[in-house]
Amino acid sequence: MNETFTKSMARNIFYGGSLFFILVFIGLTLHTERVLPERDHRENITPEVILGKKIWEENNCIGCHSLLGEGAYFAPELGNVYKRFGNSTAAIVGFIKSRPVEGIPGRRSMPQFNLTDEELQALAEFLKWTSEVNTSNWPPNIQG
Amino acid sequence: MKFQSQSVAMPYFIAALGLFVGQIIFGLIMGLQYVVGDFLFPEIPFNVARMVHTNLLIVWLLFGFMGAAYYLVPEEAETELYSPKLAWILFWVFFIAGVLTVAGYLLVPYARLAELTGNDLLPTMGREFLEQPTITKAGIVIVALGFLFNLGMTVLRGRKTVVNTVLMIGLVGLAVMFLFSFYNPDNLVRDKFYWWYVVHLWVEGVWELILGAILAFVLIKTTGVDREVIEKWLYMIIAMALITGILGTGHHFYWIGTPEYWQWLGSIFSALEPIPFFMMTLFAFNMVNKRRRDHPNKAAVLWAMGTGVMAFLGAGVWGFLHTLAPVNYYTHGTQITASHGHMAFYGAYAMIVMSIISYAVPQMRGRIANCNRAQVMEMWGFWLMTVSMVFITLFLTGAGILQVWMQRYTDTPLPFMTVQDKIEIFYWLREAAGVVFLIGLVVYIKSFFTGSEQEAVEDYTKSITQRDYAAAE
Ligand code: HEM
Ligand code: HEM
Ligand SMILES: [Fe+2]
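So, a few notes on the structure that sits alongside this text.

What counts, and where the lines are drawn
Residues numbered from 1 in each chain as written. Chains lettered and ligands numbered in written order. Predicted model: local features only at pLDDT ≥ 70, side-chain atom pairs only at ≥ 80, totals over all residues. Heavy atoms only, no water. Helix = DSSP H or I, 4+ residues; strand = E, 2+ residues; numbered from the N terminus. Rg over C-alpha atoms; globule rule 2.2 N^0.38 Å. Buried < 20%, exposed > 50% of the residue type's maximum accessible area, 1.4 Å probe, protein only. Contact = heavy atoms within 4.5 Å. Areas by Shrake-Rupley, 256 points an atom, 1.4 Å probe, with all protein chains shown as cover. Lys, Arg positive; Asp, Glu negative; His and termini not counted. Charge placed at Lys NZ, Arg CZ, Asp CG, Glu CD. Donors = N, O, S within 2.8 Å, 3.2 Å for Na, K, Ca; no water. Tetrahedral: all angles 85-135°; square planar, octahedral: opposite > 155°, others 65-115°. Near = heavy atom within 4 Å. Polar contact = N/O pair within 3.5 Å; in protein donor to acceptor, adjacent residues only side chain to side chain. Core = buried A, V, L, I, M, F, W, Y, C linked by side-chain atoms within 4.5 Å. Buried area = accessible area lost by both parts, 1.4 Å probe. Salt bridge = Lys/Arg side-chain N within 4 Å of Asp/Glu carboxyl O. Phe/Tyr/Trp six-rings, centres within 6.5 Å; stacked < 30°, edge-to-face > 60°. Axes fitted to C-alpha atoms, helices over the stretch in contact; angles between N-to-C directions. Parallel < 35°, antiparallel > 145°, perpendicular 65-115°, else oblique. Left-handed = near helix turned anticlockwise from the far one by under 90°. Nonpolar A, V, L, I, M, F, W, Y, C, P; charged D, E, K, R; others polar. Expected span 1.5 Å × (residues − 1). Bend = angle between axes of the 7 residues up to and from the residue.

## Regarding the overall build of chain B
- Along chain B, the regular secondary structure elements total 17 helices and zero strands.
- Its C-alpha atoms give chain B a radius of gyration of 22 Å, near enough to 23 Å, the size a compact globule of 473 residues would have.
- Here the C-alpha coordinates of chain B stretch approximately 70 × 45 × 45 Å along the principal axes.
- By residue count, 66% of the 473 residues in chain B fall in the buried class.
- In chain B, once contacts between residues fewer than 6 apart in sequence are set aside, the share between residues at least 24 apart is 81%.
- For chain B, the exposed area adds up to about 16,600 Å²; of that, 72% sits on carbon and sulfur atoms.
- Mean positive and mean negative side-chain charge positions of chain B (28 and 31 charges, respectively) differ by 6 Å.

## Side note on the side chain of B:Thr334
- Structurally, the position occupied by B:Thr334 is in the loop between helix 12 (325-331) and helix 13 (335-364).
- Among the residues examined, B:Thr334 registers a relative accessible area of 1% and is labelled buried.

## Regarding the coordination of the iron ion (ligand 3)
Residues and elements named next belong to chain B.
- Distances from the iron ion (ligand 3) to its protein donors, namely His200 (ND1), Glu204 (OE), His251 (NE2) and His252 (NE2), fall within the range 2.1 to 2.2 Å.
- One way to put it: the four donor atoms around the iron ion (ligand 3) meet at angles of 82 to 148°, and that makes the site irregular.
- Taken in sequence order, the residues that donate to the iron ion (ligand 3) follow the motif H-x3-E-x46-H-H.
- A distance of 4.3 Å spans the gap from the iron ion (ligand 3) to the iron atom of ligand 2.

## What to know about the site of ligand 2
- Around ligand 2 sit 27 residues, and of these B:Glu128, B:His332, B:Gly333, B:Thr337 and B:His340 come closest.
- Two or more chains meet at ligand 2, and those chains are chains A and B.
- Taking B:His332, its side chain carries an N or O atom lying 2.6 Å from an oxygen atom of ligand 2.
- Here B:Thr337 contributes a side-chain N or O atom positioned 2.6 Å from an oxygen atom of ligand 2.

## Describing the coordination of the iron atom of ligand 2
- For the iron atom of ligand 2, the protein supplies a single donor, B:His340 (NE2), at a distance of 2.0 Å.
- Assignment of secondary structure puts B:His340 in helix 13.

## Some thoughts on the nonpolar core
- B:Phe65, B:Tyr70, B:Trp207 and B:Ile214 are the most contacted members of the largest nonpolar core, which totals 195 residues.
- Here this core gets 25 residues from one element, more than from any other, and that element is helix 7 (residues 188-223) of chain B.
- Formed by five residues, the second largest nonpolar core is a distinct cluster that contains A:Trp138, B:Tyr254, B:Ala325 and B:Tyr329.

## With respect to the site of ligand 1
- The full set close to ligand 1 counts 27 residues, and B:Tyr34, B:Arg50, B:His53, B:Glu128 and B:His342 are the nearest of them.
- More than a single chain frames ligand 1: its nearby residues are located in chains A and B.
- Within the side chain of B:Gln23, an N or O atom sits 3.4 Å from a nitrogen atom of ligand 1.
- The contact in question runs from an oxygen atom of ligand 1 to an N or O atom on the side chain of B:Arg50, over 2.7 Å.
- Looking at which element gives the most residues to the shell around ligand 1, the answer is helix 1 (residues 9-35) of chain B, with six residues.

## A look at the interface of chain B and chain A
- Contact with chain B, which involves 89 residues of that partner, is made by 72 residues of chain A.
- Contact between chain B and chain A buries roughly 6,900 Å² in total, counting both sides, with carbon and sulfur atoms accounting for 62%.
- Note that B:Asp421 is salt-bridged to A:Arg107, the shortest N-O span being 3.4 Å.

## Remarks on the pattern of salt bridges
- Taken as a whole and assessed by the stated rule, the structure comprises 23 salt bridges over all chains.
- Between B:Asp191 and B:Arg127 there is a salt bridge, with the nearest N and O atoms lying 3.1 Å from each other. Of the two residues, B:Asp191 sits in helix 7 while B:Arg127 sits in the loop between helix 4 (110-116) and helix 5 (134-157), which places them 64 residues apart along the sequence. Pair check on accessibility: B:Asp191 and B:Arg127 agree, each one buried.
- For B:Arg291, the salt bridge identified is with B:Asp294, shortest N-O distance 2.5 Å.
- Residue classification places B:Arg291 among the partly exposed positions, given a relative accessible area of 40%.
- Through salt bridges with shared partners, a single network forms among A:Lys7, B:Glu76, B:Arg227, B:Glu228 and B:Glu231.

## Thoughts on the packing of aromatic side chains
- Enumeration over the complete set of coordinates arrives at 62 aromatic pairs over all chains.
- When the centroid spacing of 6.1 Å and the interplanar angle of 35° are considered together, the rings of A:Phe14 and B:Tyr235 count as tilted. One end of the pair, A:Phe14, is in helix 1 (residues 7-40); the other, B:Tyr235, is in helix 8 (residues 227-248), on a second chain.
- Residue A:Phe14 is classed as buried on the basis of its relative accessible area of 2%.

## Thoughts on the packing of helix 5 of chain B against helix 6 (residues 162-178) of chain B
Residue and element names in this part refer to chain B.
- Packing of helix 5 against helix 6 leaves a shortest axis separation of 10 Å and a crossing angle of 160°. Here helix 5 lies roughly antiparallel to helix 6, going by the angle between them. At the point where helix 5 passes helix 6, the crossing takes the left-handed sense. From helix 5, Lys137, Ile140, Val141, Ala144, Phe147, Leu148, Leu151, Gly152 and Val155 reach across to helix 6, where they touch Asn164, Met168, Leu171, Val172, Ala175 and Phe178.
- Its residues placed into classes, the contact of helix 5 with helix 6 shows twelve nonpolar, two polar and one charged.

## Describing the side chain of B:His200
Residues and elements named next belong to chain B.
- Residue position: His200 is located in helix 7.
- Owing to a relative accessible area of 0%, His200 belongs among the buried residues under this scheme.
- Each residue touching His200, except ones within four places of it in the same chain, is listed here: Gly205, Gly245, Gly248, Thr249, His251, His252 and Glu273.

## Some details on helix 13 of chain B
Residue and element names in this part refer to chain B.
- With 30 residues, helix 13 ought to run about 44 Å at 1.5 Å a step, and its terminal C-alpha atoms sit 41 Å apart, in line with that.
- At Tyr346, helix 13 shows its largest bend, some 35°.
- Of all 30 residues making up helix 13, 26 are buried, and the element is well covered by its neighbours.
- Phi turns positive, to about 80°, at Gly366, one or two residues after helix 13.

Right, dumping it as structure tokens:
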């Protein structure tokens, strides 16, 4: 780098530039928060959905699955599983409930979490709510 | 080593490398589970292995950053560390908390761990990379505060340098952004939004400052190039990092329910994020070309240049590959993401930690550099690990392209598991490359136990008699 461009100029670009973009980012965060209710349908977040999210977290489902494309890539995307399972919470409950304790020989399989019926229903409601978030048409198709 | 207290870095580096080995073993377990689905099932389910793998990664990198800071801050400030005792206490607190947490993952079901650690009181668990029990997270904050206090006091009473300032800003930023891990809204969209404040603003924000500062320190020491020049580079690199990286967060806000203008903002700014990484490559190579001395620690110079190149490849090139919204629409959450995650974490952060270890550990052992035999072995470790990481990345990229092709970018999409079966061969190849990586890591660690003090001195004397070695460090 040449001599007319000094260290203190570089320093000022760092502090000035960073501060500017931090402020822009905070502004955009506030704006995003303002318009989010139209896209996340928070009016449908019932106590059951909240419980479902907690069950989701406390069993570390994200350690195998992705949800809206984030998480692990070992097992199918679940952001749209409600739709993939024919818009049925019962199908989701049935699937989770029927996982074999000892797995499936030679194949990837989901653990048996021994959830109660109430917990299973809550989890399914959480996944149903998730599938209704406006994700700009992602995933590209039903296979997730 | 100029100050006695710098040696507290040693336990941090040892712990870092020990946990690194653990990380790779669990990586290999998962890699096998990808193809032999029932391997270790139900004893160690995939999600448990993954938590161990990724959390060990983060913890060993944090150990590495802390060790780097304890080593270089006193040297830059030209004063002893404020409190070596506090550094030792925090080491044990962090180490024990880390070991207990990993033991918890492995020994009890995760839901039970959540219950035992009172996740109900403040639920923060069960989110990728932030799986630690809330009390562990609180422990991390306490360790971070003590650590920053200790370094802050050292910086305040010593010489002020740009390297120290940038490192401190980076470390404070790391701690501040981590506080978002305590915020877990019931609304999944908002949860995800702020989750990225930790994850993205770490690796594509404040961690780049830490990376830049450590790289600058190693280059100052090994090349003897004028500080003014190096500091100017450092400022420009970190300026570009934050100018592009902060709004670049938008590349994670395409499909999680956030407004659509993020597709534009995220694409434009994150497309510029490779710039600071490219500058790091230029920085490392330029400084080495302009070197005023030939430092006998060749291995450290190799690590520093390697970091520049691999960080640019992994973060810059592999990041750019899938960062534009129209591309990310198809690649989001596929093996493409995993390929990039691996090379970026290894190339930028694992390698910078090994750079400072390579420079500092011989110094702490009272030698300017290791003997040639040990250095050659260390360089073998470097090449084995780095080349196998390139292959891991390529195989995952291959898997990812086919996955996108069969499952996403098609009118007749196949189910996830069907596609996984079809691309099995790539997972086998990845696992093979992973085994070579582990061999490289073992060779690397063995280099620390190779050669004696005396051999190091002999090789060094030989090298200074051979050429005119100016400023001895
Ligand atoms: C050498 C052998 C390794 C193997 C076989 C391996 C394997 C794996 C596997 C199977 C996953 C989970 C992918 C999924 O969610 O489906 C994973 C995740 C991850 N690994 Fe490794 N790994 C290895 C080394 C490393 C190294 C050296 C690093 C970094 C320095 C690393 C960093 C990561 C990260 C950051 C993730 C999370 C990726 C994401 O969320 O996209 N791994 N690894
Ligand atoms: C050293 C710096 C970087 C590291 C350690 C890193 C690591 C990662 C990891 C681990 C993920 C997966 C996160 C998850 O599990 O969901 C990820 C995602 C991503 N990264 Fe990076 N990254 C770095 C830099 C970059 C850069 C510079 C770019 C762009 C040029 C980039 C673009 C992306 C994109 C677009 C995704 C989302 C992938 C998806 O949609 O699934 N990254 N990164
Ligand atoms: Fe990012």
